[in-house]
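Next come the chains, spelled out residue by residue.
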Amino acid sequence: METSQGKVKGTVEKKLTEPTDIKHHHVAASEENPEYLVKSDKTGKEAAHKPDSLKKIKP
């Protein structure tokens, strides 16, 4: 995925389908507009991302 800090590799932890707070950041996810909780491989930090910002990497 590409963030404001550049490209980041990580693992999708779960699909978010309801409003959630992640480290003081409100994520307005819903069934109609889901987001995905992604854990960075490098830092271990978690962040929510919209599906169109994610790209699956083949092993």
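For the structure, check the block above.
Parameters and conventions
Sequence order as written defines residue numbering, which begins from 1 separately in each chain. Two thresholds apply to this predicted model, a pLDDT of at least 70 for residue-level local features and 80 or more for giving and counting side-chain atom pairs, whereas whole-chain, interface and lining totals are computed over all residues. Each side-chain value is worked out from all heavy atoms of the structure, with water and hydrogens disregarded. Here a strand is any run of E in DSSP of at least two residues, a helix any run of H or I of at least four, and the numbering for each starts at the N terminus. In this setup the radius of gyration rests on C-alpha atoms only. A globule is expected at 2.2 Å times the number of residues raised to 0.38. With a 1.4 Å probe rolled over the protein chains alone, any residue whose accessible area is under 20% of its type maximum counts as buried; one over 50% counts as exposed, and the rest are partly exposed. Working rule for contacts: check all heavy atoms of both residues, and any pair within 4.5 Å makes them a contact. With residues, only the protein chains shown are counted as cover, and all accessible areas are computed by Shrake-Rupley using a 1.4 Å probe. A residue counts as positive if it is Lys or Arg and as negative if it is Asp or Glu; His and the chain ends are not included. Taken as the charge location is NZ of Lys, CZ of Arg, CG of Asp or CD of Glu. Here, nonpolar core means buried Ala, Val, Leu, Ile, Met, Phe, Trp, Tyr and Cys residues that are tied together by side-chain atoms lying within 4.5 Å of each other. The rule for pairing is simple: two strands pair if DSSP sees at least two bridges between them. Geometry is summarised by axes, namely lines fitted to C-alpha atoms with helices restricted to the contacting stretch, and by angles between N-to-C directions that run from 0 to 180 degrees.

Engineer: Explain the overall build of the chain to me, please; I cannot follow it from the model alone.
Structural biologist: Helix and strand counts for the chain stand at zero helices and seven strands. Listed N to C, the secondary structure of the chain is β-β-β-β-β-β-β in terms of helices and strands. Computed over its C-alpha atoms, the radius of gyration of the chain comes to 11 Å, within 12% of the 10 Å expected for a compact globule of 59 residues. A principal-axis box enclosing the C-alpha atoms of the chain has dimensions of 30 × 25 × 20 Å. Per-residue burial for the chain yields a buried fraction of 20% across its 59 residues. Considering only intrachain contacts with a sequence separation of at least 6, the fraction spanning at least 24 residues in the chain is 37%. Looking at the chain as shown, the accessible area adds up to about 5,000 Å², and 49% of this sits on carbon and sulfur atoms. Computed over 12 positive and 10 negative side-chain charges, the separation of the two mean positions in the chain equals 10 Å.

Engineer: Can you walk me through the nonpolar core in this structure?
Structural biologist: In this structure, L16, I22, V27, A29 and L37 together form the largest nonpolar core, which totals five residues. L37 has contacts with T11, V12, E13, K14, L16, I22, E46, A47 and A48, leaving out every residue within four places of it along the chain.

Engineer: Would you mind going over the environment of L16 with me for this structure?
Structural biologist: Mapped onto the elements, L16 comes out in strand β3 (residues 10-16). Every residue in contact with L16, bar those within four places of it in the chain, is listed here: I22, V27, A29, S30, P34, E35, L37 and A48.

Engineer: Where do I start with the sheet that holds strand β6 (residues 35-40) in this structure?
Structural biologist: Strand pairing in a sheet relies on backbone hydrogen bonds, with the paired strands running either antiparallel or parallel. The strand order across the open sheet formed by three strands is β3-β6-β7, and the pairing between neighbours is antiparallel. Single-partner strands in this sheet number two, and they are β3 and β7 (46-49). For this sheet the average axis-to-axis angle between neighbouring strands, irrespective of direction, equals 30°. Pairing of β3 with β6, which is carried by six bridges, proceeds in the antiparallel orientation. Following the sheet pairing, K15 is matched in β6 by Y36.

Engineer: When you look at the environment of H49 in this model, what are you seeing that I'm missing?
Structural biologist: With respect to the element layout, H49 can be found in strand β7. Here H49 falls in the buried class, since its relative accessible area comes to 14%. Each C-alpha atom, one on H49 and one on V27, is 9.2 Å from the other, the two residues being 22 residues apart in sequence.

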